[in-house]
Amino acid sequence: MESLKRILIKRYAVSFALLLAATSLLIIIPIRSFFLNQERDRLESEALLLAKEYGRLFNGAQNFEENDAYLKSATEQTPLRITLILADGTVIGDSVSSSREMDNHANRFEVEGALRGEVTSIIRDSRTVERPFIYAAAPVMSGFEIIGVVRVSLSEDKIISIINEIWLIISLSFLALMLFAVAFSLNTTEMISGKLRRVSEAAARLARGDFSERVPELKIAELTELAKSFNQMTTKVATMLGEAEEEGKKLKVILGNIKTGVLVTDSTLKILIFNRAAEKIFQVGEDEAIGKRLIEIFASSELDSLLEKAATGDGVDEELELIYPRKLSLRVRATPLLNEAGSLMRLVTAIDDITGFKEINRIRTDFVANVSHELRTPVASIKAISDSLIYGEAAGDPAVSKNFLEQLDSQVSALTQLIEDLLSLSRLESKETALRIEEFDLSGLLEEALAGKRDLAKESGVELKLDESSQTGRIRADRTLIMAALLNLLDNAIKYNKTGGTVTVKAALLVDRFTVSVADTGIGIPKEDLSRIFERFYRVDPARSKERGGTGLGTSIVKHVAELHGGWVEVDSVRGQGSTFTINIPI
């Protein structure tokens, strides 16, 4: 069903379109005739003037090519075409075509008139170029004798372009007038339809449960009583539902602020209530969730099956480990609300995201297992060496005893380093370490760190160097912690390098931070392991790390040092080509 406004727009548009077409025909046809007649008069005057000017070209021997060239040059800057014709109809010059190849023009209407001594004009198609032209011809006199004709012509297209411009102006004027008239007419229609629309919109809002707006009393008698009755009805209904709405708001505030995800579904398991905590768990907005089943917004068949089980009337209280669509650990408690007949009316479900707790438990378990594993090897070695020193072959042989004692010292050193790293990491993670901010020279710190690792680098056949483009200066940070992080990065870069490889240290002072990067040419880190590189006890090559005395805690310490300063660590690595670790510390 079309609106009143649409109907009026169509009718006015059609009416003005027809009016525009009729007016255009009534105006353009006379204008075309006027311009064509005016142009014929102008061309006749041109023909008379040129007949006097070009009379000299009719005397003596005729050179067609010279006449053609002369006329072409004379009309180069004008749209006119000039033709010179002898009294017998022979064309001796033309500004457009070759006169030698042109037909005899004695039988042309305008030429016949000029040979009779009359200035003659006509509009017809050119037989040479096959387009409509305006022709004007004037006789060329020698005394009292007509010796030839000068004909001037102009393409009718030149006139039509002017007429088209006039038609466009007229069309645009009528279009503007039409739009103005339609807008003015619709203003009146809008006044009436607007009042009717207010009543209609208010009725629609009332049907949706919105009682906030009243319909104003209309200035049209037929609609005034309708508005009054409607407003009275709205007031009564709003009063009756006011208390219910207030209670609903309180419930919504409570549900919105609790940390447990709450969703209430109807008997078909379509969602009626979906609080903010549920939005966060399922990463779906309330507007998108309302009116749909949970499986439509979160494609988990396990969770959907659990809700269907709860809807049978038994209720559930279970933990779910989900892999798809996201890895989640959830505790789901669903309670059905049944009517007197035992049928499901509502299902109230409380969901807690326990993924974080599960992860913490996993990390704690892994940490205990890793620490036990890391401690078992050096302790077992120490036990074996001590037994050999006390009861074995080393007991009476000083040379063998010395060898065992050196091994014992190495294992104790490894165990001491592991314990020191664990204590350092524990302090950093618990935020117990207070930053001792001081101002120091960055270049001095880099040189000291490189000097401390030169022996290890030499032993491993790795070259240590400082990038010449490094930017250094005085900075403010915890020098001890920055040094510890840098030494850990250098230690890893050397241990996981190749013989003959290089470790390059580079510093940069940026607008908002300073950076220290350590790049090596070593074994690199597999792409799939990059996300785990900062985990405790992670090793790219476990066998090689243990052989060189690595604890697997270095990168984790580096990460915590950077974060304690409010910064971060970046890693860029290509397997088999090397890795670059960059510490970013805000200034």
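These numbers were taken from a predicted model, which means no experiment stands behind them. (Residues numbered from 1 in each chain as written. Predicted model: local features only at pLDDT ≥ 70, side-chain atom pairs only at ≥ 80, totals over all residues. Heavy atoms only, no water.)

The next thing to look at is the pattern of salt bridges. Between side chains of opposite charge, a pair can form when the charged atoms approach closely. Here the structure, examined in full by the defined rule, presents 15 salt bridges. Close ionic contact of R116 with E118 constitutes a salt bridge, the shortest N to O distance being 3.8 Å. On the accessibility criterion, E118 (43% relative accessible area) is partly exposed. Linked through salt bridges whose partners overlap, the residues forming this network are E110, R124 and R151. (Salt bridge = Lys/Arg side-chain N within 4 Å of Asp/Glu carboxyl O. Buried < 20%, exposed > 50% of the residue type's maximum accessible area, 1.4 Å probe, protein only.)

All right, on to the sheet that holds strand β15 (residues 513-520) then. Taken in spatial order, the five strands line up as β12-β14-β15-β17-β16 in an open sheet, and their pairing is mixed. Either end of the sheet is taken by a strand with one partner, and the two such strands are β12 (463-466) and β16 (568-574). Here the average twist between neighbouring strands, direction ignored, is 15 degrees. Relative to strand β14 (residues 502-509), helix α12 (residues 442-452) is tilted by about 165 degrees, and along the sheet it contacts β12, β14 and β15. Here helix α14 (residues 479-495) sits on the sheet and contacts β12, β14, β15 and β17 (578-586); the angle it forms with β15, its principal contact strand, is near 20 degrees. (Pairing = 2+ DSSP bridges. Helix = DSSP H or I, 4+ residues; strand = E, 2+ residues; numbered from the N terminus. Axes fitted to C-alpha atoms, helices over the stretch in contact; angles between N-to-C directions. Contact = heavy atoms within 4.5 Å.)

A word on the pairing of strand β10 (residues 344-353). Taken together, the five bridges between strand β6 (residues 261-265) and β10 define a ladder with antiparallel strand orientation. Considered in β10, the bridge of T265 is made with L347. Strand direction decides the pairing type here: strand β9 (residues 328-338) and β10, joined by nine bridges, are antiparallel. By the bridge assignment for β10, L330 is matched with D353. The antiparallel pairing of β9 with β10 creates a hairpin that spans five residues between the two strands, and G342 there sits at a positive phi of about 85 degrees.

This brings us to the packing of aromatic side chains. Going through the model one piece at a time under the given rule, you end up with four aromatic pairs. Ring geometry for F282 and F298: centres 5.0 Å apart, planes at 65 degrees, overall edge-to-face. In this pair, F282 sits in helix α6 (residues 276-282) while F298 sits in the loop between α8 (294-297) and α9 (301-314), placing the two residues 16 residues apart along the sequence. Among the aromatic side chains, those forming a connected cluster through ring pairs are F274, F282 and F298. (Phe/Tyr/Trp six-rings, centres within 6.5 Å; stacked < 30°, edge-to-face > 60°.)

Below, the discussion takes up α12. Because the α-helix completes a turn every 3.6 residues, residues three or four places apart line up on one side. All of the buried residues along α12 are L442, S443, L445, L446, A449 and L450. Each buried residue of α12 lies within a common arc of 160 degrees when the element is viewed along its axis, so the set occupies one face. α12 presents E447, A451 and G452 as exposed residues on the side facing more than 90 degrees away from its buried surface. (Arc of directions from axis to C-beta.)

A cis geometry characterises the amide bond from Y324 onward to P325, with omega recorded as 0 degrees. Structurally, P325 can be placed in the loop between β8 (316-322) and β9. Of note in this structure, L269 is not a glycine but carries a positive phi near 65 degrees. Mapped onto the elements, L269 comes out in the loop between β6 and β7 (271-274). A positive phi angle is found at Q283, which is not glycine, with a value near 55 degrees.

Looking now at a nonpolar patch on the surface. Side chains of L168, L172, L175 and L179 sit close together on the surface and give an oily, nonpolar patch of about 380 Å² of accessible area. Judged by its relative accessible area of 53%, L179 is exposed. (Patch = residues over 30% accessible without salt bridge, like charges linked within 9 Å, V, L, I, M, F, W, Y side chains within 5 Å. Areas by Shrake-Rupley, 256 points an atom, 1.4 Å probe, with all protein chains shown as cover.)

With that settled, consider the nonpolar core. The biggest cluster of nonpolar side chains holds 38 residues, and the ones touching the most others in it are L446, L486, L490, V503 and V518. Listing elements by their share of this core, those giving two or more residues are α12, α13 (454-460), β13 (474-478), α14, β14, β15, α16 (554-564) and β17. When residues no more than four places from it in sequence are discounted, the contact partners of L486 are L445, L446, A449, V516 and V518. Listed in part, the 27 residues of the second largest apolar core include L269, L303, L320 and I351. (Core = buried A, V, L, I, M, F, W, Y, C linked by side-chain atoms within 4.5 Å.)

Remember that the coordinates give geometry; whether it matters functionally is a separate question.
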